[in-house]
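Architecture and fold: a report
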Amino acid sequence: MLVASIAAMWIVLAGREAVATQTRNTTCIDTILLSLSEMAIALHQIEDADNVYRVSAFESQIRQAVVAADEAHTALSDEKGVNAFSPAAQDILRQATFNPLQELSEVISLAEIVVDPAEVDEATHTAANLASDLAYRLMPFFDRIRQYELEAAEVIADRQVIYGAAALLVSLCGVVFAALFAHLPMEQYVLNAQRDIERSQRAAEAASEAKTMFLATMSHEIRTPLNGVLGLADVLSDTKLDPDQRRMLGMISSSGNNLLQMINDILDLAKLEAGKTSLEFVDFDLEMVCRETTELFSGQAVRRNVRLNVESAHSEAGWYLHGAQGAVRQILSNLVGNAVKFTENGTVSVRLEDVPGPEGAPRFVRLSVRDEGIGISPDSLKRIFDQFEQADASTTTRFGGTGLGLAIVKHLTETMNGHVQVSSVVDEGSEFSLVFPVAKALARKQASKTQFTSTFDKRVLVADDNKVNQMVAQKLLQKLGCDVQLASNGLEAVNKARSWAPDLILMDVRMPVMDGLQATRAIRMDASIPGSATLPIVGLSANTRGEHEEAIASVGMSGYLHKPINREALVAELMRHWTTEDADGLDPNDLPSGLSA
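Residues numbered from 1 in each chain as written. Predicted model: local features only at pLDDT ≥ 70, side-chain atom pairs only at ≥ 80, totals over all residues. Heavy atoms only, no water.

1. With respect to the overall build of the protein
A tally of helices and strands in the protein yields 19 helices and twelve strands. Looking at the protein residue by residue over its 597 residues, the buried ones come to 44%. Across the protein, every contact between residues at least 6 apart in sequence was considered, and the portion connecting residues at least 24 apart equals 70%. Total accessible area on the protein is roughly 30500 Å²; 54% of this is exposed by carbon and sulfur atoms. (Helix = DSSP H or I, 4+ residues; strand = E, 2+ residues; numbered from the N terminus. Buried < 20%, exposed > 50% of the residue type's maximum accessible area, 1.4 Å probe, protein only. Contact = heavy atoms within 4.5 Å. Areas by Shrake-Rupley, 256 points an atom, 1.4 Å probe, with all protein chains shown as cover.)

2. A look at the pairing of strand β6 (residues 419-425)
Alignment of β6 against strand β7 (residues 429-440), held across seven bridges, turns out to be antiparallel. Across the sheet, residue His 419 finds its bridge partner in β7, namely Val 435. Counted between consecutive antiparallel strands, the loop separating β6 from β7 contains three residues, among which Asp 427 sits at a positive phi close to 70°. (Pairing = 2+ DSSP bridges.)

3. A short note on helix α17 (residues 516-525)
If you check which residues of α17 are buried, you get Gly 516, Leu 517, Ala 519, Thr 520, Ile 523 and Arg 524. Seen along its axis, α17 keeps its buried residues to an arc of 160°; they face one direction. Two to three positions downstream of the cap, the backbone nitrogen of Leu 517 sits 3.1 Å from a side-chain oxygen, assigning the N-cap of α17 to Asp 515. (Arc of directions from axis to C-beta. Polar contact = N/O pair within 3.5 Å; in protein donor to acceptor, adjacent residues only side chain to side chain.)

4. Quick look at the pattern of salt bridges
For the structure on display, the rule yields twelve salt bridges. Here Arg 363 makes a salt bridge to Asp 354, at a shortest N to O gap of 2.7 Å. The exposure class of Arg 363 is partly exposed, given its relative accessible area of 21%. As a salt-bridge pair, Glu 573 and Arg 576 come within 2.7 Å of each other at their nearest N and O atoms. Placement of both Glu 573 and Arg 576 in helix α19 (residues 567-577) is noted, with a separation of three residues, approximately one turn of the helix. On the basis of relative accessible area, Glu 573 is assigned to the buried category, the value being 8%. For Arg 576, a relative accessible area of 42% corresponds to the partly exposed category. Among the charged side chains, a network of salt bridges with common partners joins Glu 311, Arg 351, Glu 353 and Arg 366. (Salt bridge = Lys/Arg side-chain N within 4 Å of Asp/Glu carboxyl O.)

5. Overview of the packing of helix α16 (residues 490-500) against α17
The angle between the axes and the distance between the axes are what describe a pair of packed helices. With their axes 8 Å apart at the nearest point, α16 and α17 run at an angle of 25° to one another. As the angle between them shows, α16 and α17 are arranged roughly parallel. The interaxial crossing formed by α16 with α17 has right-handed handedness. Here Gly 490, Val 494 and Ala 497 of α16 lie close against α17, whose contacting residues are Ala 519, Ala 522 and Ile 523. The class makeup of the residues in the contact of α16 with α17 is five nonpolar, one polar and no charged. (Axes fitted to C-alpha atoms, helices over the stretch in contact; angles between N-to-C directions. Parallel < 35°, antiparallel > 145°, perpendicular 65-115°, else oblique. Left-handed = near helix turned anticlockwise from the far one by under 90°. Nonpolar A, V, L, I, M, F, W, Y, C, P; charged D, E, K, R; others polar.)

6. Some thoughts on the sheet that holds strand β12 (residues 559-562)
Here we have five strands laid out as an open sheet, ordered β9-β8-β10-β11-β12, and parallel in their pairing. Two strands close off the open sheet at either side, each with one partner strand: β9 (483-487) and β12. If you compare each strand with its neighbour and ignore which way they point, the axes differ by 20° on average. Looking at chain direction, strand β10 (residues 504-508) and strand β11 (residues 537-541) are connected through four bridges and run parallel. Paired with Ile 505 across the bridge in β11 is Ile 537. Strands in contact with α17 are β10 and β11; relative to β10, the strand with the most contacts, it is inclined by about 150°. Relative to β12, α19 is tilted by about 175°, and along the sheet it contacts β10, β11 and β12.

7. Topic: the pairing of β7
In terms of strand pairing, strand β3 (residues 320-323) meets β7 through two bridges, oriented antiparallel. Across the sheet, the residue bridging to Leu 321 is Lys 440, located in β7.

8. What to know about unusual backbone geometry
Even without glycine at this site, Asp 427 takes up a positive phi of about 70°. Residue placement: Asp 427 occurs in the loop between β6 and β7. Accessibility expressed as a relative area gives 65% for Asp 427, which makes it exposed. The backbone of Ala 501 sits at a positive phi, close to 55°, despite the residue not being glycine. Relative to the elements of secondary structure, Ala 501 occurs in the loop between α16 and β10.

9. Notes on the confidence of the model for the protein
When the pLDDT values of the protein are averaged, the result is 75; 70% of them are 70 or greater. Below pLDDT 50 for its whole length, residues 447-452 participates in 16 contacts with residues either more than four positions away or in separate chains. (pLDDT = per-residue confidence, 0-100.)

As structure tokens, this is what we get:
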């Protein structure tokens, strides 16, 4: 029994060392991630600093981040440090192309140039830009290493608990000597290991929260100027243009929409991973969604000499059903977009059919997208759904993209309790198939209705601190026959609501002096404003979908529009607040599906 007790104690000690090693590894990677995030934000902001004190503050922040990153880099630089990581993490740390440790050293060197006390020159600005870009590129690699180490730590911790339980049984069967020298140390070691794991998890959660905040901030900063680009392109499309000008305007709109889609993909994936995305289940025509979504890529398909086909097998239940329409549309957009992008002079087919499910289970459907493109190698199929992954480096160079589309497809399909599969032959094409459950529609199918054009004889106040956004909204509203006035902050909006008595206010959520939420509260409480309690106030925000909706509802706003604003969404919002008689010459039967008085 004494030998057994000693063996149990040795198991506990060995397990404790493994847990300590994984904890050190995770802490080191968390330090690098936090340092990269701080350096990236500070380097980005230092270019826009308007006084020497703000520049000095940002330089101090960069110095602190450089010191922390350099210490973590030193701990990982020797071979012994790398060998302490899990095999998956070692593969990333030792990769020949874009080695994370070498690139981290470059970031540290460039950041040290930026905070050098010597006079700022062009080289310093170049170093700041290079360091910022490189830090952004490194963050996904170290984030993946952190995930691998956390998974390895959990496995070791679970194993340690099992070993601890075995040691406890041995101790209970042993003599007092075994109980004193095996059981009590084992219990203490397990508790310490659990505390170490919890501490590491808290640090990882802090790093994840910092990443989320960084993404949200950068999203707003990018969307604000992008709103002006896409909005003015929309306004310009209604002017007289020669063919070359119209073609260039189309390229501007296409490039802007591609950038917007990239931003949405990154933020959608972050939300899916954090479990913050909820699906909205509605009645919809699945076959119509397939045709409408596929039609969005018809222009791109014509340019690439690609034929688009949509086929639906006969179904006794029909294709008007109850399910997650938004998720299906987003999945199909990613799959069809990829199929067209990777196909030259071929066919892309979308097929819809019923499939048998488990007995007593709801109805299951299969949605397949098949192309005749470049195909995917067997080795690449194993990682095609991973984040920031494509078939190979040449795919990114030749076709572009972030490698996030299929990761989003997988997350959304699993959120719908479905699964996705892929089969492919190199140089012959690929087929992606997703199977997911649906339910019977709760209401009868509504008859489709035609599009319409209308004008409104209304007074609209636009409150936005960005002059370009003001111009875009003003031009769109004037095209719809509205009388428009502008306000540059919330306080000005409140004063104009009192003096001008608008019929509707478009209120930006983020503004100086008084933001949109504060201004809305002030208007609702001001009895001197005609109809202040019922005046339609529509919130505007460049942030990603749904981030402000709860706050907007709490202050009494009547609706919410996402930037960049487009004509269709604006008309839909106006029709939601005004009766059909408010639109000149509009017959109520001409309202499109989804719009109502």
